[in-house]
Amino acid sequence: MINAVGRNIPDYLLKDGKEVYQGKQYMDGKYIQKAAPRTVRYEKPVETKVVASIVDALKKCGAKSGMTFSFHHHLRNGDYVANMVMEAAIRELGLDNLTIAASSLGDANDPIADYIEEGKVVGIQTSGIRGRMGDVVSQGKLKTPAIIRSHGGRPRAIEAGEVHIDIAFIAAPTSDCQGNCRGIGGKSNCGSMGYAMTDAKYADKVVVVTDCLVDFPNYPASVEAIDVDAVVVVESIGNPKKIASAAARISKNPRDLMMAENVAKVIASTPYFKEGFSFQTGVGGPSLAANLFLEKFMDERQIKMGWAIGGICGPMVELLKKGKVGKVIDVQDFDLDAVNSINQTPNHFEMSASQYANPANKGAFVNSLDFVVLAALEIDTGFNVNVLTGSDGVLRGAPGGHPDTAAGSKCCIIVTPLIRGRMATVCKNVVTVTTPGDCVDVLVTDYGIAVNPLRPDLIKCLDDAGIPHVTIESLQEKAYSLVGTPDDLQWEDKVVAVLEARDGTILDVVRQIKPFKL
Amino acid sequence: MTIEKSAVAGTLESSDAMVTVEPSKNGIELELSSSVMNQYGRQIKAVVLETLDRLEVKNCKVTVVDKGALDCTIKARVECAVFRSCDKADKNIPWGGAVR
């Protein structure tokens with residue numbers, strides 16, 4: 001069946017009430033029955049929940065073949081925990097038929113690709129997939145199609161019981177002996193633990209893996225002891241150098257700065273740019289640099305930002321410390337400045353992924369967002385964005401919070417160079433739709449700005465401010481005139497990944513790529 | 001032109017291509033790898049063969065390692081490698097003639 005973004009979704013995927021994407025806010029007002037976990041009572045006081053090893057924790061939690069294990073990715077490319085747990089489960093306990101439900105998977109998880117190839121891991125549900133895992137899934141080696149969800153779609157699916165977590169593994173920079181966890185105070189700090197919170201509440205069993213056991217109570221806790229079955233102390237949960245970069249630096253690339261300045265101009269031209277406005281930006285070069293130019297416009301108009309959300313890094317913390325933003329609410333931290341600020345700098349708070357972006361609760365932060373500035377691997381003339389598949393059709397990206405913030409915000413700005421190397425960023429048809437075009441409002445490139453025709457109000461704003469803009473078709477034609485018209489990718493029939501829209505409908509599928517022959 | 005010895009032009013930098021030509025007796029043998037193979041492999045092949053044809057190279061083993069170069073870059077790298085292979089890259093290059 002063809003969905004609202006023109007993608008053909010195979011009928012066999014449309015079972016058990018699964019529908020195709022029908023446009024944003026299609027699910028508004030509908031009811032959900034939340035799925036409750038089956039958990040064990042610890043009525044009799046226990047001195048400590050610390051067990052000797054991951055294997056012991058798995059045994060204590062009744063781990064068996066066929067289960068779903070969940071992980072969160074706050075340790076990013078430094079994460080050791082997912083690999084340690086899967087190795088213990090498969091190599092030491094001999095389990096198979098396992099499903100991984102992760103908030104994201106990256107290069108750090110390359111060893112898990114082996115378990116997919118061996119058929120031990122048969123299901124993957126994640127918000128991002130890169131490295132070897134992306135390769136083997138793209139090659140059709142995973143037994144069932146991977147399910148890709150946004151950061152808001154993931155807690156939605158967990159709460160709705162569409163993914164039932166048997167055991168959640170919490171990578172905790174610090175924990176006490178009862179399982180109160182925090183992202184700070186240890187040797188492998190990650191700051192916010194927002195993606196792990198829904199897992200801990202909805203999993204049948206919860207195992208905390210830490211490398212820094214601290215005195216009880218470890219408070220205020222990100223994941224609470226009342227949800228935790230076992231605590232394992234390991235040598236190291238991750239490589240601190242890869243968990244948080246030293247400091248996200250603002251780009252000095254003149255092309256990035258020109259685009260960033262244009263982003264700030266667009267923002268300043270809208271009626272939403274007023275005292276107390278709200279803002280999220282990505283951490284890519286031009287997106288991050290937009291902070292700098294935005295500050296200038298804020299000073300000129302003598303206004304302050306009310307609040308900012310998202311993955312947080314240094315430049316936003318800087319604005320908070322200067323008093324130019326009221327509150328920062330944080331689901332993940334990207335650099336040490338942000339890690340060292342959360343719950344330390346006044347008005348820098350932590351939130352769960354559900355509070356951040358879940359479309360099925362009663363109003364996530366993204367719903368109150370004025371502006372979001374995001375990057376794209378590709379954007380097509382229907383304003384559909386791809387941030388998941390490369391130009392070779394291989395999985396190597398992450399929708400993350402992209403579709404959530406785009407859908408919730410009043411003004412979603414995509415900033416990207418027109419071409420990258422020989423790849424046309426602005427194209428006729430994106431490889432995979434990860435954020436539907438009806439959620440994207442403005443495109444800023446180094447060759448011009450285009451406004452989605454669905455937003456005549458924003459077109460008028462730009463016209464009134466004297467900001468030149470062109471059609472997105474003319475940008476696409478310009479791109480093709482520079483790099484040539486790309487050949488269409490050739491696909492097999494087999495679906496290797498299903499891309500869920502944030503509301504749970506099917507937005508697109510990724511098929512297995514055919515081997516290329518000249 | 002005749003490929004007299006092996007010669008290289010270009011780099012492995014992003015948006016460039018490294019082109020190696022070697023003598024051969026079996027017509028044109030092309031070996032191509034590219035970071036944009038699926039979308040532009042056929043176009044790159046066509047540009048390389050057209051360029052060799054324009055330079056009247058009949059026998060040549062040509063290896064292209066492409067890192068997302070535009071057509072104009074690929075043409076220039078092929079031309080340069082061919083001229084270097086017969087020591088004609090230093091002077092009297094036929095600008096506007098065979099090289100354009």
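Residues numbered from 1 in each chain as written. Chains lettered and ligands numbered in written order. Predicted model: local features only at pLDDT ≥ 70, side-chain atom pairs only at ≥ 80, totals over all residues. Heavy atoms only, no water.

A. Highlighting the overall build of chain B. Counting its regular elements, chain B contains 2 helices and 4 strands. On C-alpha atoms alone, chain B measures out to a radius of gyration of 12 Å, which is about the 13 Å that the 2.2 N^0.38 rule sets for 100 residues. For chain B, the C-alpha atoms occupy an extent of roughly 35 × 30 × 20 Å along the three principal directions. Here chain B holds 100 residues, and 40% of them are scored as buried. Taking contacts inside chain B between residues at least 6 apart in sequence as the whole, the part at least 24 apart equals 74%. As displayed, chain B has an accessible area near 5,200 Å², and 48% of this comes from carbon and sulfur atoms. The positive charge centre, built from 14 side chains, and the negative charge centre, built from 14, are 2 Å apart in chain B. (Helix = DSSP H or I, 4+ residues; strand = E, 2+ residues; numbered from the N terminus. Rg over C-alpha atoms; globule rule 2.2 N^0.38 Å. Buried < 20%, exposed > 50% of the residue type's maximum accessible area, 1.4 Å probe, protein only. Contact = heavy atoms within 4.5 Å. Areas by Shrake-Rupley, 256 points an atom, 1.4 Å probe, with all protein chains shown as cover. Lys, Arg positive; Asp, Glu negative; His and termini not counted. Charge placed at Lys NZ, Arg CZ, Asp CG, Glu CD.)

B. Seen up close, the overall build of chain A. Of regular secondary structure, chain A possesses 15 helices and 25 strands. Rg of the C-alpha trace for chain A: 22 Å, near the compact-globule value of 24 Å for 518 residues, within the 12% margin. Once the C-alpha set of chain A is aligned to its principal axes, its extents read approximately 70 × 55 × 40 Å. Split into buried and exposed, the 518 residues of chain A put 60% on the buried side. Counting 55 positive and 61 negative side-chain charges, chain A places the centres of these two groups 0 Å from one another.

C. Quick peek at the sheet that holds strand 3 (residues 28-34) of chain B. Residue and element names in this part refer to chain B. Within the open sheet, the 4 strands sit side by side as 1-2-4-3. Their pairing is mixed. Edge positions in the sheet fall to strand 1 (7-9) and strand 3, since each of these pairs with one other strand and no more. Between one strand axis and the next, the sheet turns through 10° on average, direction left out of account. Two elements, strand 1 and strand 2 (residues 17-22), share 3 bridges in a ladder whose sense is antiparallel. Residue pairing for strand 2: Ala7 is matched across the bridge by Val21. Lying on the sheet, helix 1 (residues 37-54) is in contact with strand 3 and strand 4 (60-66); it crosses strand 3 at an angle near 150°. Its contacts with the sheet put helix 2 (residues 71-85) on strand 1, strand 2 and strand 4, and the angle it makes with strand 1 is roughly 155°. (Pairing = 2+ DSSP bridges. Axes fitted to C-alpha atoms, helices over the stretch in contact; angles between N-to-C directions.)

D. How the structure looks around helix 9 (residues 285-301) of chain A. Residues and elements named next belong to chain A. When the terminal C-alpha atoms of helix 9 are compared, their 25 Å separation across 17 residues agrees well with the 24 Å that a helix rising 1.5 Å per residue should span. All buried positions along helix 9 are accounted for by Pro286, Ser287, Leu288, Ala289, Ala290, Asn291, Phe293, Leu294, Glu295, Phe297 and Met298. Among the structural elements, helix 8 (254-269), strand 11 (277-281), strand 12 (305-312), helix 10 (314-321), strand 15 (371-374) and strand 18 (411-415) are those in contact with the buried residues of helix 9. Following helix 9 by one or two positions, Gln302 has its phi on the positive side, about 55°. (Expected span 1.5 Å × (residues − 1).)

E. Representation of the domain arrangement of chain A. All names here are of chain A. For chain A, the assigned domains read domain 1 (48-243) and domain 2 (254-486). Taken together, the contacts link 31 residues of domain 1 with 30 residues of domain 2. At the boundary of domain 1 with domain 2, total buried surface from both sides reaches about 2,300 Å², with 58% on carbon and sulfur atoms. Where domain 1 touches domain 2, the interface holds 0 salt bridges. Viewed at the interface, domain 2 and domain 1 are joined by 17 residue pairs in polar contact (both at pLDDT 80 or more). (Domains from an automatic or database assignment. Buried area = accessible area lost by both parts, 1.4 Å probe. Salt bridge = Lys/Arg side-chain N within 4 Å of Asp/Glu carboxyl O. Polar contact = N/O pair within 3.5 Å; in protein donor to acceptor, adjacent residues only side chain to side chain.)

F. The arrangement of the nonpolar core in detail. Residues and elements named next belong to chain A. By size, the foremost hydrophobic cluster in this structure holds 141 residues, and its most contacted members are Phe69, Met86 and Ile124. Taken domain by domain, the makeup of this core includes at least three residues from each of domain 1 (48-243) and domain 2 (254-486). Once residues within four sequence positions are removed from consideration, Met86 is found in contact with Phe69, Phe71, Arg91, Leu98, Ile100, Ile112, Tyr115 and Val121. Membership of the second largest hydrophobic core comes to 40 residues, among which are Ala260, Phe293, Val317 and Ile449. (Core = buried A, V, L, I, M, F, W, Y, C linked by side-chain atoms within 4.5 Å.)

G. View of the pattern of salt bridges. Residues and elements named next belong to chain A. Here the structure, examined in full by the defined rule, presents 31 salt bridges over all chains. Arg91 is the salt-bridge partner of Glu118, the closest N and O atoms lying 2.9 Å from each other. Note that Glu118 is positioned in the loop between helix 3 (112-117) and strand 4 (121-126) and Arg91 in helix 2 (residues 81-92), a separation of 27 residues in sequence. We classify Glu118 as partly exposed; its relative accessible area is 39%. Linking Arg132 and Asp114 is a salt bridge whose minimum nitrogen-to-oxygen distance equals 2.8 Å. Placement of Arg132 in helix 4 (residues 131-138) and of Asp114 in helix 3 is noted, with a sequence separation of 18 residues between them. Look at Arg132 and you get partly exposed, because its relative accessible area is 29%. Overall, Asp114 belongs to the partly exposed group, its relative accessible area being 30%.

H. Highlighting the pairing of strand 9 (residues 205-210) of chain A. Residue and element names in this part refer to chain A. Judged by how many residues are buried, strand 9 sits mostly within the fold: 6 of 6 residues are covered. Burial of strand 9 is two-sided: the residues Lys205, Val207 and Val209 facing one way and the residues Val206, Val208 and Thr210 facing the other way are all buried. Of the strand pairs in this sheet, strand 6 (residues 167-172) and strand 9 are connected by 6 bridges, and their pairing is parallel. Residue pairing across strands places Ala171 opposite Val209, the latter belonging to strand 9.

I. The arrangement of the sheet that holds strand 5 (residues 146-148) of chain A in detail. The mixed open sheet is built from 10 strands, whose spatial order is 1-10-9-6-2-3-4-5-24-25 (chain A). At either end of the open sheet lies a strand with only one pairing partner, and these are strand 1 (50-51) and strand 25 (506-513) of chain A.

J. Region of interest: helix 2 of chain A. All names here are of chain A. Given a rise of 1.5 Å per residue, 12 residues ought to cover 16 Å, and the 15 Å separating the end C-alpha atoms of helix 2 matches this to within 8%. Looking at helix 2, one finds that the buried residues are Val81, Ala82, Asn83, Val85, Met86, Ala88, Ala89 and Ile90. A positive backbone phi angle near 70° is found at Gly94, which sits one or two residues after helix 2.

K. Quick peek at the packing of aromatic side chains. All names here are of chain A. Taken as a whole and judged by the stated rule, the model has 6 aromatic pairs over all chains. With a centroid separation of 6.0 Å and 75° between ring planes, the pair formed by Phe277 and Phe371 is classed as edge-to-face. Of the two residues, Phe277 sits in strand 11 while Phe371 sits in strand 15, which places them 94 residues apart along the sequence. One exposure class covers both Phe277 and Phe371, and it is buried. Each residue in the set Tyr272, Phe273, Phe277 and Phe371 is aromatic and connected to the rest through ring pairs, giving one cluster. When the ring centre of Tyr42 is taken as reference, the NZ or CZ atom of Lys49 above it lies at 5.6 Å. (Phe/Tyr/Trp six-rings, centres within 6.5 Å; stacked < 30°, edge-to-face > 60°. Lys NZ or Arg CZ within 6 Å of the ring centre and 35° of its normal.)

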